[in-house]
Amino acid sequence: MKHLSACLALFFLCLTIPFLATPAAAAKLDYFLSGEADYDPAIPTPSEVLGQEVGQWHLRHDQLIRYLEVLSESSDRLTLEVQGMTHEGRRQVLVTATSLANHARLEAIRQAHVALSDPAGKAPSDAAIAAMPAVVLLGYSIHGNEASGANASVLIAYHLAAARGPRVEAMLSDLVVLIDPALNPDGIGRFAQWANGHRGVVPVADRESREHTEGWPNGRTNHYWFDLNRDWLLLQHPESRNRVATFHRWKPNVLGDFHEMGSDSTYFFQPGVLSRKNPLTPLKNVELTVAIAQFHAATFDEAGQLYYSEETFDDFYPGKGSTYPDLNGSVGILFEQASVRGHRMETVHGRRDFKEAVRNQLRTSLSTLAGAQAHRRELLRYQNDFYRGTAALAAKDPVRGFVFAFPHDPVLAFRALDLLRSHQIEVHALAKEVRLGEGEFLFKPGEAYVVPMAQPQYRLARSLFERRTEFEDSTFYDVSTWTLPLAFGGRNAELGKADFSRELLGEAIGQAVLPPGAVSDASEGAVYAYLIDPRGLLVARSLGSLLAEGHRVSVSTRPLTAEVAGGRRRFPVGTLVIPATSGCAALRGQLEQLAQRDGIEVFATHTGRTPEGGDLGSPSVIPLTLPRPLLVVGRGMSVSEAGELWYLLDHHYGLEVSLVERDRLVDVDLSAYTHLLMVSGEYDEVDEELVTTLRRWVRAGGILVATRGATRFAREQIVLDPSEHEEAHGVSMDDPQQASPEDDLGQEGVLPLARYADYDSERAKQLVSGAIVEAQLDLTHPLAFGFQASPIALFRTRSLPMEGSENPYEIVARYTEEPRLSGYISPRNRARLAGSVAITAVRVEEGTVVRLADNPFFRSFWYGSSRFVLNALFYGPILEQTLPPKRW
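Residues numbered from 1 in each chain as written. Predicted model: local features only at pLDDT ≥ 70, side-chain atom pairs only at ≥ 80, totals over all residues. Heavy atoms only, no water.

K.L.:
Any chance you could explain the sheet that holds strand β29 (residues 675-678) here in plain terms?
P.N.:
Backbone-to-backbone hydrogen bonds pair the strands of a sheet. The strands run either parallel or antiparallel. Spatial strand order, β28-β27-β29-β30-β35-β34-β33-β31-β32: 9 strands in an open sheet with mixed pairing. Looking at strand neighbours, the two that pair on one side only are β28 (658-661) and β32 (792-796), the edges of this open sheet. In this sheet, adjacent strand axes meet at a mean angle of 25° when their direction is disregarded. Bridge analysis of strand β31 (residues 771-777) against strand β33 (residues 811-822) gives 5 bridges, and the strand direction is antiparallel. The residue bridging Gln776 from the neighbouring strand is Arg814, located in β33. Across the sheet, helix α23 (residues 711-719) is in contact with β29, β30 (703-707), β34 (837-844) and β35 (847-852); its angle to β35 comes to roughly 155°. (Pairing = 2+ DSSP bridges. Helix = DSSP H or I, 4+ residues; strand = E, 2+ residues; numbered from the N terminus. Axes fitted to C-alpha atoms, helices over the stretch in contact; angles between N-to-C directions. Contact = heavy atoms within 4.5 Å.)

K.L.:
How should I be thinking about the side chain of Asp257 in this particular structure?
P.N.:
The topology assignment puts Asp257 in strand β7 (residues 254-261). It is Arg230 that comes nearest to the buried, bridge-free Asp257 among opposite-charge side chains, at 7.7 Å. At 3.5 Å, the side chain of Asp257 forms a polar contact with the backbone nitrogen of Ser322. Setting aside anything within four residues of it in sequence, one finds Asp257 in contact with Gly139, Leu183, Asn229, Gly321, Ser322, Ile333, Leu334 and Phe335. (Buried < 20%, exposed > 50% of the residue type's maximum accessible area, 1.4 Å probe, protein only. Lys, Arg positive; Asp, Glu negative; His and termini not counted. Salt bridge = Lys/Arg side-chain N within 4 Å of Asp/Glu carboxyl O. Polar contact = N/O pair within 3.5 Å; in protein donor to acceptor, adjacent residues only side chain to side chain.)

K.L.:
For this particular structure, what's the right way to read the packing of aromatic side chains?
P.N.:
The description of an aromatic ring pair rests on the distance of the ring centres and on the angle between the ring planes. In this structure the tally under the stated criterion is 41 aromatic pairs. Between Tyr140 and Phe258 the ring centres are 4.6 Å apart and the planes differ by 25°, which places this aromatic pair in the stacked class. Here Phe258 lies in strand β7 and Tyr140 lies in strand β4 (residues 134-140), a separation of 118 residues in the sequence. An identical accessibility class is assigned to Tyr140 and Phe258; each is buried. What links up through ring pairs into an aromatic cluster is the set Phe402, Phe404, Phe406, Tyr449, Phe465, Phe488, Phe795, Phe858, Phe861, Trp862 and Tyr863. For Arg243, the ring lying beneath its charged end belongs to Trp232, and the centroid distance is 4.4 Å. Across from the ring centre of Phe571, 5.8 Å away, lies the NZ or CZ of Arg569, which sits over that ring. (Phe/Tyr/Trp six-rings, centres within 6.5 Å; stacked < 30°, edge-to-face > 60°. Lys NZ or Arg CZ within 6 Å of the ring centre and 35° of its normal.)

K.L.:
Would you explain the confidence of the model for the protein chain in this entry?
P.N.:
Any region with low pLDDT has predicted coordinates that should not be read closely. The share of residues in the protein chain with pLDDT of 70 or more is 94%, and the mean pLDDT across the chain is 92. Contacts for the low-pLDDT stretch residues 6-23, under 50 throughout, to residues beyond four places or in other chains number 4 contacts. Predicted confidence is poor over residues 726-742, with pLDDT under 50, and the contacts of this stretch with residues over four places away or in other chains come to 42 contacts. (pLDDT = per-residue confidence, 0-100.)

K.L.:
Please explain the pattern of salt bridges as it appears in this structure.
P.N.:
When the charged atoms of two side chains lie near each other, side chains of opposite charge can form a pair. This model, assessed by the stated rule, comprises 47 salt bridges. Several salt bridges converge on common partners, so that one network encompasses Glu146, Arg220, Asp227, Arg230, Asp478 and Arg859.

K.L.:
Is there a simple way to think about a negative patch on the surface in this case?
P.N.:
Among the surface-exposed residues, Asp667, Asp687, Glu688 and Glu689 lie close enough to one another that they form a single negatively charged patch. What makes Asp687 partly exposed here is its relative accessible area of 42%. (Patch = residues over 30% accessible without salt bridge, like charges linked within 9 Å, V, L, I, M, F, W, Y side chains within 5 Å. Areas by Shrake-Rupley, 256 points an atom, 1.4 Å probe, with all protein chains shown as cover. Charge placed at Lys NZ, Arg CZ, Asp CG, Glu CD.)

K.L.:
Explain the sheet that holds strand β2 (residues 78-85) here, please?
P.N.:
Spatially, 7 strands are ordered β2-β3-β6-β4-β7-β9-β8 in an open sheet, and the strand pairing comes out mixed. Two strands close off the open sheet at either side, each with one partner strand: β2 and β8 (267-269). The mean angle between the axes of side-by-side strands here comes to 20°, regardless of whether they run parallel or antiparallel. Two strands pair when backbone bridges link them, and strand β3 (residues 91-97) and strand β6 (residues 175-180) are joined in this way by 3 bridges, in the antiparallel orientation. Pairing of Ala97 across the sheet is with Val177, part of β6. Where helix α11 (residues 238-250) meets the sheet, its contacts fall on β2, β3, β4, β6 and β7, and the angle it forms with β2 comes to roughly 135°.

K.L.:
Would you mind going over the nonpolar core with me for this structure?
P.N.:
Most often, soluble globular proteins keep nonpolar side chains buried together rather than apart. Within the largest apolar cluster, 144 residues are counted, with the highest numbers of intra-cluster contacts made by Phe404, Phe488 and Leu649. Not counting the four nearest positions on each side in its chain, Leu649 is found in contact with Gly654, Leu655, Val657, Leu677, Val869, Leu870 and Leu873. Formed by 70 residues, the second largest nonpolar core is a distinct cluster that contains Leu33, Leu64, Ala152 and Ala163. (Core = buried A, V, L, I, M, F, W, Y, C linked by side-chain atoms within 4.5 Å.)

This is the structure:
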């Protein structure tokens, strides 16, 4: 009987085993740190605080912070501070690890270290250099779904807090280690939720499993779906501004930038492709990168880990975390680990677990510290030489400075000054008039500024202002140009030797201050109406606020002259008109608030009669309505473009914008929306029901605004009758970067023989990775209201031109015959772009379709053209039907 009972018990135990399965064996601490050191048992390990081993689950951001808080409270070697907050209110923390002796004089160490970047200071002696610790900043997972770095950060912090012995003590004496465990807290939080929420008890390596196929928009980006590793230079988001402030507060000698790449890759560390480094980066920087790389190679050789360098990645665009340091006297180093995108992944190299990826990031974190320690004196001397050498570079440069201005737009000037000062670039108010540049523009004191080249930040300032059209290599991992004055849409000119003098330099700008606008009184009597100059960057934000409060606002479609305080004043097309009776006494107060907030100029007039132009009650002064836009998002849509547009409308202009998945559009009552905003995407997959729905909505009065890859869909499926448009010839509607086959035909239509090995480089020559181009603009068109001059600069990232229109009155902007202003565009693509259409606005029965060939709000930095979208929102409804001349 006992034997039968035992058998039955065993039988039922076997039945329950599948339901009692536990996760795959978690990696213990010695898996990551075996043989590295002896560890102080008084310092809590990650598992003791978090209840799980590192790599077992993806750590949430709050778990990262909690462990680092406990660690800093438990160890005298670590301190923790808050750098700032993200869009979602998460803390950006910084851990500082160094010896007790260094902590005792940490502020003195920081000041002495930063002084190395001052070329006016006394050159440090060899003895002084020998006594100084180097500073290393380790930054992890700026792309939230590249999470192995962030998970490794707790291990490197534990190691520096708990390891005992002469080796680690010497390292902590020689180095101040700054750890930014989560460069993108919001993205890390989003990805951890996804990866953990879709794993089971048994890890699944199948890459088709839901765990490995993130839903749109995925965890790479921040809250507004922005790639923060393109924002080091542009500083559009708080995460970027916080970390750049930390960078300049410390001026680290080495910055480790930890990423992930494709799952079938191995491990990459810099140096990258030498021919693709930024030309302003000294060769000594590359030499130091190579020297430190020997330490990475040695640790991977010992571990038997596959790796590579000097391929694939470059150091050209200084808006990335591994390149920005290179133009600031530091050595930026990119690390790319093959991604598991979850907990386990089947790859061409076999099955990989997340813990392996974490361990590799820990290995290169340790090798970075070892390399920095070994080359400490050389790194410190390089930092000092980097800045001391700027005077000689500036003296050899034929350009001695740059002058720029934003007439009638103090807010745009503030944005530019704030950006420059955040990068510690020296800038002065212009002290005397100078006439330079295209059309001999007159730069005036009070609205113009000068950036001299003779300054410590020579390299970064040069990079931000130069127009570059010659390149050693035609392959770019990112964009090929980023000229600030062209992006902001202001006037600018180079100051050569004959133009520049120190007399041009007025007061040095310290911290940029947003100048308030003003509301003037009427020249006499009671106020009849208020007029708002349309040329300010944030006029559209004020307009949206006024309409949302129920005020009656109209726009003048013709220039006019009005009687205001101080006499008659000329107002440009696009001027806003608000009757004084709109809101009565409350209107004046609100206008004053808006002037303070948005820097707008508001003028009161006592009469509706105008000396020139239409009177204020003229048919040319058209009432406006508050737009109700819908932004198409979701599967198949460009995450970055959708995020940039969302950020523009929501953050910069305070507009309510609905985010609706493309797959749901047929189920949504589109009549509730005035505008449909469509960015690049996979439009070949759009079904006929959606096309019919959109066509019906536009023809009933809706306004469709399409940018970049959405423009072809808008023309062929919405503007034209389906029977009118030609077949796409196999070219994707989303963002066609390829040429048509006919472009490469040789004599008699025969394709020439080409070398297979040259395919990647030859194809790269025909891509437009990011260049600045020039377009002529019809300044009378409602979409151009607020623009002050033509031609304008646009940012282009595609090669094929947009289809035009047979009606010249539908063309708002057209590229010039020599369109390139800066950046790389192959001769063939320049020829194809010349004279092609950049922007069209077409009435389709009661509605309108606006097509913009480029992304006018590129990376939220392209202020100069972003107002096209705002104008389409507010002024799109006033566009009138036009006919081509042949139909007159």
